[in-house]
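Listed below, chain by chain, are the residues.
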Amino acid sequence: MSSEDQAQGPTPYEQLGGERGVRALVDRFYDLMDLEPRFAALRALHPTTLEGSRDKLFWFLSGWLGGPDLYQQQFGHPRLRMRHFPYAIGVAERDAWLDCMRQAMREEGVDETLGARLQQAFGGTADWMRNRAEPGQGAA
(Lines give C-alpha, C1' and ligand atoms only; values in the text may rest on other atoms or scores of the structure.)
Protein backbone atom coordinates (compact mmCIF):
# COMPACT_ATOMS: atom_id res chain seq x y z
CA MET A 1 0.00 0.00 0.00
CA SER A 2 1.26 3.50 -0.69
CA SER A 3 2.11 6.13 1.89
CA GLU A 4 -0.60 8.28 0.26
CA ASP A 5 -3.18 5.68 1.29
CA GLN A 6 -1.90 5.79 4.87
CA ALA A 7 -1.69 9.62 5.10
CA GLN A 8 -5.44 10.01 4.64
CA GLY A 9 -6.58 8.38 7.86
CA PRO A 10 -6.28 5.03 9.58
CA THR A 11 -4.05 2.51 7.86
CA PRO A 12 -5.59 -0.57 6.26
CA TYR A 13 -3.97 -2.50 9.11
CA GLU A 14 -5.96 -0.43 11.61
CA GLN A 15 -9.13 -0.62 9.51
CA LEU A 16 -8.89 -4.41 9.52
CA GLY A 17 -8.64 -4.43 13.31
CA GLY A 18 -4.88 -4.57 13.75
CA GLU A 19 -3.13 -7.80 14.60
CA ARG A 20 -6.32 -9.68 15.43
CA GLY A 21 -8.08 -8.68 12.19
CA VAL A 22 -5.14 -9.35 9.91
CA ARG A 23 -4.55 -12.74 11.56
CA ALA A 24 -8.23 -13.65 11.14
CA LEU A 25 -8.10 -12.69 7.45
CA VAL A 26 -4.96 -14.76 6.85
CA ASP A 27 -6.38 -17.73 8.75
CA ARG A 28 -9.62 -17.61 6.74
CA PHE A 29 -7.62 -17.35 3.50
CA TYR A 30 -5.70 -20.53 4.28
CA ASP A 31 -8.76 -22.30 5.72
CA LEU A 32 -10.51 -21.72 2.39
CA MET A 33 -7.63 -23.42 0.56
CA ASP A 34 -8.24 -26.53 2.63
CA LEU A 35 -12.04 -26.37 2.45
CA GLU A 36 -12.94 -25.24 -1.06
CA PRO A 37 -12.33 -27.68 -3.93
CA ARG A 38 -11.92 -24.76 -6.36
CA PHE A 39 -8.74 -23.77 -4.49
CA ALA A 40 -7.21 -27.27 -4.55
CA ALA A 41 -4.60 -26.39 -7.19
CA LEU A 42 -3.58 -23.31 -5.19
CA ARG A 43 -3.39 -25.41 -2.03
CA ALA A 44 -1.17 -27.93 -3.83
CA LEU A 45 1.50 -25.23 -4.28
CA HIS A 46 1.89 -25.00 -0.49
CA PRO A 47 3.58 -27.26 2.07
CA THR A 48 1.65 -30.10 3.69
CA THR A 49 1.10 -28.01 6.82
CA LEU A 50 0.20 -24.37 6.43
CA GLU A 51 1.43 -22.98 9.76
CA GLY A 52 4.60 -21.48 8.31
CA SER A 53 2.71 -20.06 5.34
CA ARG A 54 0.09 -18.56 7.64
CA ASP A 55 2.74 -16.89 9.77
CA LYS A 56 4.72 -15.54 6.83
CA LEU A 57 1.68 -14.05 5.11
CA PHE A 58 0.50 -12.54 8.41
CA TRP A 59 3.94 -11.04 9.07
CA PHE A 60 4.18 -9.70 5.52
CA LEU A 61 0.66 -8.26 5.42
CA SER A 62 1.12 -6.59 8.79
CA GLY A 63 3.82 -4.33 7.37
CA TRP A 64 2.34 -4.05 3.88
CA LEU A 65 -0.95 -2.84 5.36
CA GLY A 66 0.72 -0.16 7.49
CA GLY A 67 1.27 -2.04 10.74
CA PRO A 68 4.49 -3.40 12.25
CA ASP A 69 7.09 -4.65 9.74
CA LEU A 70 7.18 -8.12 11.28
CA TYR A 71 8.39 -9.88 8.15
CA GLN A 72 11.27 -7.48 7.55
CA GLN A 73 12.30 -7.69 11.20
CA GLN A 74 12.74 -11.45 10.85
CA PHE A 75 13.84 -11.95 7.26
CA GLY A 76 14.81 -8.60 5.75
CA HIS A 77 13.36 -7.38 2.47
CA PRO A 78 10.50 -9.66 1.34
CA ARG A 79 11.89 -10.25 -2.19
CA LEU A 80 8.47 -11.64 -3.08
CA ARG A 81 9.14 -12.52 -6.69
CA MET A 82 12.43 -14.25 -5.88
CA ARG A 83 10.92 -16.23 -3.00
CA HIS A 84 8.02 -17.39 -5.17
CA PHE A 85 10.11 -18.18 -8.24
CA PRO A 86 10.32 -21.94 -7.51
CA TYR A 87 6.53 -22.13 -7.96
CA ALA A 88 4.94 -21.95 -11.41
CA ILE A 89 2.64 -18.93 -11.20
CA GLY A 90 0.53 -18.12 -14.21
CA VAL A 91 -2.83 -16.48 -14.78
CA ALA A 92 -4.76 -19.39 -13.21
CA GLU A 93 -2.67 -19.35 -10.02
CA ARG A 94 -2.84 -15.56 -9.79
CA ASP A 95 -6.59 -15.59 -10.23
CA ALA A 96 -7.09 -18.41 -7.71
CA TRP A 97 -5.04 -16.51 -5.11
CA LEU A 98 -7.05 -13.35 -5.71
CA ASP A 99 -10.38 -15.22 -5.61
CA CYS A 100 -9.41 -16.93 -2.37
CA MET A 101 -8.42 -13.61 -0.79
CA ARG A 102 -11.58 -11.93 -2.08
CA GLN A 103 -13.71 -14.63 -0.48
CA ALA A 104 -11.72 -14.44 2.77
CA MET A 105 -12.22 -10.66 2.92
CA ARG A 106 -15.93 -11.02 2.25
CA GLU A 107 -16.35 -13.75 4.89
CA GLU A 108 -14.35 -11.74 7.44
CA GLY A 109 -16.62 -8.74 6.89
CA VAL A 110 -14.00 -6.41 5.40
CA ASP A 111 -15.60 -3.10 4.46
CA GLU A 112 -16.45 -3.12 0.74
CA THR A 113 -14.53 0.08 -0.04
CA LEU A 114 -11.43 -1.15 1.77
CA GLY A 115 -11.82 -4.59 0.20
CA ALA A 116 -11.92 -3.08 -3.29
CA ARG A 117 -8.76 -1.04 -2.60
CA LEU A 118 -6.99 -4.07 -1.21
CA GLN A 119 -8.11 -6.29 -4.07
CA GLN A 120 -6.71 -3.78 -6.55
CA ALA A 121 -3.39 -3.64 -4.68
CA PHE A 122 -3.28 -7.44 -4.32
CA GLY A 123 -4.03 -7.72 -8.04
CA GLY A 124 -1.03 -5.64 -9.03
CA THR A 125 1.28 -7.62 -6.77
CA ALA A 126 -0.17 -10.98 -7.83
CA ASP A 127 0.21 -10.10 -11.49
CA TRP A 128 3.83 -9.08 -10.91
CA MET A 129 4.46 -12.49 -9.29
CA ARG A 130 3.62 -14.36 -12.51
CA ASN A 131 6.63 -16.30 -13.73
CA ARG A 132 5.11 -18.75 -16.21
CA ALA A 133 4.41 -17.87 -19.82
CA GLU A 134 0.88 -18.53 -20.97
CA PRO A 135 0.27 -20.41 -24.22
CA GLY A 136 0.85 -18.09 -27.15
CA GLN A 137 2.90 -15.60 -25.11
CA GLY A 138 6.59 -15.01 -24.59
CA ALA A 139 8.37 -15.45 -21.25
CA ALA A 140 6.66 -13.98 -18.20
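Trainee: Account for the packing of helix α3 (residues 18–35) against helix α5 (residues 51–64), naming residues and giving values.
Mentor: As a packed pair, α3 and α5 sit with axes 9 Å apart at the nearest point and diverge in direction by 140 degrees. Between α3 and α5, the crossing angle belongs to the class labelled oblique. Taken as a pair, α3 and α5 cross one another with a handedness that is right-handed. Residues E19, V22, R23, V26, D27, F29, Y30 and D31 of α3 touch α5, and the partners they reach there are S53, R54, D55, L57, F58, L61 and S62.

Trainee: Go over the packing of aromatic side chains with me, naming the residues and quoting the values.
Mentor: Applying the stated criterion to the full structure yields 5 aromatic pairs. Ring plane angle 70 degrees and centroid distance 5.4 Å describe the contact between W97 and F122, whose orientation is recorded as edge-to-face. Remark: F122 occurs in helix α9 (residues 112–128) and W97 occurs in helix α8 (residues 91–107); sequence separation between them is 25 residues. Its end group placed over the ring of F58, R23 keeps NZ or CZ at 4.3 Å from the ring centre.

Trainee: Outline α3, supporting the account with residue identities and numerical values.
Mentor: For α3, which comprises 18 residues, the first-to-last C-alpha distance of 26 Å matches the rise-based estimate of 26 Å (1.5 Å per residue) to within 8%. When α3 is considered as a whole, its buried residues turn out to be G18, G21, V22, L25, V26, F29, Y30, L32 and M33. The buried residues of α3 occupy one face: seen down the axis, they fall within an arc of 160 degrees. For α3, the exposed residues lying more than 90 degrees away from the buried face are E19, R20 and L35. On its buried face, α3 is in contact with α2 (12–15), α4 (40–44), α5 and α8.

The rules behind these values
Residues numbered from 1 in each chain as written. Predicted model: local features only at pLDDT ≥ 70, side-chain atom pairs only at ≥ 80, totals over all residues. Heavy atoms only, no water. Axes fitted to C-alpha atoms, helices over the stretch in contact; angles between N-to-C directions. Helix = DSSP H or I, 4+ residues; strand = E, 2+ residues; numbered from the N terminus. Parallel < 35°, antiparallel > 145°, perpendicular 65-115°, else oblique. Left-handed = near helix turned anticlockwise from the far one by under 90°. Contact = heavy atoms within 4.5 Å. Phe/Tyr/Trp six-rings, centres within 6.5 Å; stacked < 30°, edge-to-face > 60°. Lys NZ or Arg CZ within 6 Å of the ring centre and 35° of its normal. Expected span 1.5 Å × (residues − 1). Buried < 20%, exposed > 50% of the residue type's maximum accessible area, 1.4 Å probe, protein only. Arc of directions from axis to C-beta.

Keep in mind these values describe shape, not function.
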